[in-house]
Amino acid sequence: MAHDEYDPTPSNDELEAHLQTRNMVVNLGPSHPAMHGTVRMKVELDGETIVKADTEIGFLHRGFQKSCENVTWTQCIPYTDRLNYVSALMNNFGFLSAVEKLIGLEIPERAKFIRVIGAELHRIADHLTATGALGLELGAFAAFLYGIEARELIQDRVTELTGARLTTNYGRVGGLNRDLPPGWGDKVLRTLTKVEELCGEVSALLTHNRIFTDRCRGTGVITATDALDFGFTGPCLRACGVNLDLRKQKPYWAYDQLKFEVAMGKNGDNYDRYLIRVKEIAESISLIRQALDKMPEGPVIVDDRRIALPPKDEVYGTIEGVMAHFKLVMEGIQVPAGEVYDATEAANGELGWYLRSDGSGRPYKVHVRAPGFHILSGVGKMIEGRMLADLIPTFDTINMIGGEVEQ
Amino acid sequence: MSTYALEQLEARLPGALEQRYQDRAGDHWGVVARLKIADAAKVVKELGYTLFVSMDCVDRLHLPESTPRFEVLYFFYSLERNEHLRLKVLVSEDECELPTIRFVYQGANWAERLAWDFYGVRFTGHGDLRRMLLYEEFQGHPLRKDYAMRDRQPLIPERPIKDIFRGPGTSGVS
C-alpha cells in the first residue's frame, strides 16, 4: 500500500490547476454598525470586489401617506417631522409651501425669513451629521465628536424656537406657529460663531487627512448622466458638476433677496460630496446672518380665520374667535379641490410634494418625493465593480435617512 | 411655465397626448395614452428633460371622476429650460398595467416597484417587479382607497433558513 502514502509536495498539475472559487453573498444589515438606519444590502462578492448589490429597504415604513390621508392638513405636519428626522424643519416648511401653493396663499414676509433661517439651521445640522458620521466610519472619531457638538448647539437653538429637539412641528399653513423668542437672534449669531469654529475643526481633521482622502477620492463615482437618470438631486448631483439648486433656480420664500453661492463639485466621487457639504455649511451660515439682518417686523401668520387659528384672547373673548377656532380644529382647513406639485431644496436634494385635495378638510393624496429614495436606488450602480470597503464611505456620503426613504 | 414639452410631444408622437390642462396653480399637465408612455418618455428625454424626478399613483375611487380608477403620475425636470414636466396616465382597474419606462430612466426602476407595491399597478416589461417597502407575503395594496385604515395582515410563517444563501460551504443551498 505504498502508493497510499501522503505526499505533501504538490505536483505541477496541482499547482497550475484552476482554483475553484465561488462568489459569496454577504448580508450587510438590516442592523449593522456601519449602516445608518435599518437597510439591508445583499452584496455578492468576488473576493473583495462587489459583483452585484441589491438594496432592500422598508424596515422603517410607517405608512406616512395612508396616515396623512386620514387626518386634517394641519395634523399632517407632525408626520412630516419624522420624514427626515435630522432636518425636520425643512420637511415642515416644504410641505406647507406646497399646501400654500394649492390654496394660492402668500405668507407674510417675516414668516418667509424665519422659514429660511430654520431651514438653513437644519441644513447645517444635517450636513454636520453626514460629514461627522462619514469621519466616524472611516476611523476619525474626533471629527464626529466636533460635528455632533456643533449640531447639539444648533439643536439647542431649534429647541428654543420650536420646543422640541427633533420633532419640531413648527410651521403652520399660512406662516408659523409663533414668533421668534426674545433675544433668539443674538443667541443664534453667537452659536454660529462657535459652529463655524467647530466646522473648521472637522474640516481640518478630514479634508487633507491622507487616510480619509485615500478612502474617499475616486470611490463611489457616478457620472452626471447616470445621476440625472436615477433622479439624484442636491449635494450628490452637484458633486457631478450639475448646477441644480432649487433655491437658485426657482427661488422660494426669501432666497431671492439673499446672496449665496451654490457649491459645486466635478468628479462625482465621495470626496466631492464631502467637500460640497463643508462648503454648504459655510454658505448656510452666511445665509442665516443675512436673513437675521434683513428680517422685517410684522406678523408671522396670515390674518385669515379660515386658515390660521385666531389669537387666544380672541378665542376666549369673542364668539367669532370661538367659532373660527372650533371649525379649524374640528373640520380642518378647507383646501380647495385640485392638485399641485411643488418642490423645495432640502439638505439632500429636491423634496417634492404632490398634493391632491377633494375639497374636504383632509388630503386626498400626499405624495412625497424624498430625495434619499432616488439616491439610494443608484447606490448599486455606484459600488458595483468596486471594493467592499468603498461601500461604507459611499453609503455615508449619500446620507440616506431611513425616515424619508421608507416613509 | 411653458407648454413647450407638451407641444413637442404632440408634434413628434401624434396621438400620444390625450388631454392637456392647467391645475389650480397654473402648471400644465399632459395626459398620455396608456400604451404610449414608454415612447413618450423617450421623446421627453430627448427634449432635455433628463432628470427623473418622481413617479406615483392616485386612486380616484372616492373622487367625483372615479373612472378610470388610477392615475399614474410622472415628473421630469429639464436643466436647460428650468422647468418641471408633469405627465399622467389614466389606468382602469381591469387593465391595471402599463409599459415600463425603466429602460428609459433608470430611476423608474424603484419608483415603479413602489407604485406596484402600494397601488397594484403592473408595469409590463419591468422584469423585477418586487415589492419595494413591504414584504412579499403582504396581501393587498395598502394605498388603495378600499384598503381599510386599520386592516390587519395575517401572520406569516418564518422563512426557512435554507432561503438565505450562506456562501461557500455545505450549510447553505448549493
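What you are looking at is a predicted structure, and each value in this text was computed from that prediction instead of being measured. (Residues numbered from 1 in each chain as written. Chains lettered and ligands numbered in written order. Predicted model: local features only at pLDDT ≥ 70, side-chain atom pairs only at ≥ 80, totals over all residues. Heavy atoms only, no water.)

Student: Explain the overall build of chain A to me, please; I cannot follow it from the model alone.
Tutor: Across its full length, chain A carries 18 helices and 8 strands. If one aligns the C-alpha atoms of chain A with their principal axes, the spans along those axes are about 110 × 45 × 35 Å. For chain A, buried positions account for 58% of its 407 residues. In chain A, of all internal contacts separated by at least 6 residues, the share reaching a separation of at least 24 is 69%. Surface exposure of chain A reaches about 16,300 Å², of which carbon and sulfur atoms provide 54%. The distance from the centre of the 44 positive side-chain charges to the centre of the 56 negative ones in chain A is 7 Å. (Helix = DSSP H or I, 4+ residues; strand = E, 2+ residues; numbered from the N terminus. Buried < 20%, exposed > 50% of the residue type's maximum accessible area, 1.4 Å probe, protein only. Contact = heavy atoms within 4.5 Å. Areas by Shrake-Rupley, 256 points an atom, 1.4 Å probe, with all protein chains shown as cover. Lys, Arg positive; Asp, Glu negative; His and termini not counted. Charge placed at Lys NZ, Arg CZ, Asp CG, Glu CD.)

Student: What should I look at first to understand unusual backbone geometry in this one?
Tutor: A negative phi angle is the norm for most residues apart from glycine, just as the trans form is the norm for most peptide bonds. Residue B:Pro68 follows B:Thr67 across a cis peptide bond; omega there is -10°. Secondary-structure assignment places B:Pro68 in the loop between strand E3 (51–59) and strand E4 (70–78). Notably, A:Asn399 is not glycine yet its phi reads approximately 55°, a positive angle. Counting through the fold element by element, A:Asn399 comes out in the loop between helix H17 (388–397) and helix H18 (402–405). Among the residues examined, A:Asn399 registers a relative accessible area of 9% and is labelled buried.

Student: Whenever I open this one, the packing of helix H3 (residues 73–81) of chain A against helix H4 (residues 88–103) of chain A confuses me. Can you help?
Tutor: A packed helix pair is summarised by two numbers, namely the angle formed by the two axes and the spacing between the axes. All names here are of chain A. Interaxial distance between H3 and H4 falls to 8 Å at its minimum, and their mutual angle equals 150°. Compared by their axis directions, H3 and H4 come out roughly antiparallel. As for how H3 packs across H4, the hand of that crossing is right-handed. Where H3 abuts H4, its residues Trp 73, Cys 76, Ile 77, Thr 80 and Asp 81 lie against Ala 88, Asn 91, Asn 92, Phe 95, Leu 96, Val 99 and Leu 102. Split by residue class, the contact of H3 with H4 holds 8 nonpolar, 3 polar and 1 charged. (Axes fitted to C-alpha atoms, helices over the stretch in contact; angles between N-to-C directions. Parallel < 35°, antiparallel > 145°, perpendicular 65-115°, else oblique. Left-handed = near helix turned anticlockwise from the far one by under 90°. Nonpolar A, V, L, I, M, F, W, Y, C, P; charged D, E, K, R; others polar.)

Student: Mind showing me how you'd approach the interface of chain B and chain A here?
Tutor: When the parts come together, some accessible area is lost, and that loss is often what is quoted as the size of the interface. The partner chain A presents 51 residues to the 56 residues of chain B that form the contact. Of the roughly 4,500 Å² buried at the junction of chain B and chain A (both faces included), carbon and sulfur atoms supply 56%. In this structure, the connection of chain B to chain A is made through 8 salt bridges. When the shortest N-O distance is used, the salt bridge between A:Lys365 and B:Asp56 registers 3.1 Å. Taken together, the connections running from chain B to chain A amount to 31 residue pairs in polar contact (both at pLDDT 80 or more). For the side of chain B that touches chain A, the secondary structure elements donating two or more residues are E3, E4, strand E5 (83–91) and helix H3 (108–119) of chain B. (Buried area = accessible area lost by both parts, 1.4 Å probe. Salt bridge = Lys/Arg side-chain N within 4 Å of Asp/Glu carboxyl O. Polar contact = N/O pair within 3.5 Å; in protein donor to acceptor, adjacent residues only side chain to side chain.)

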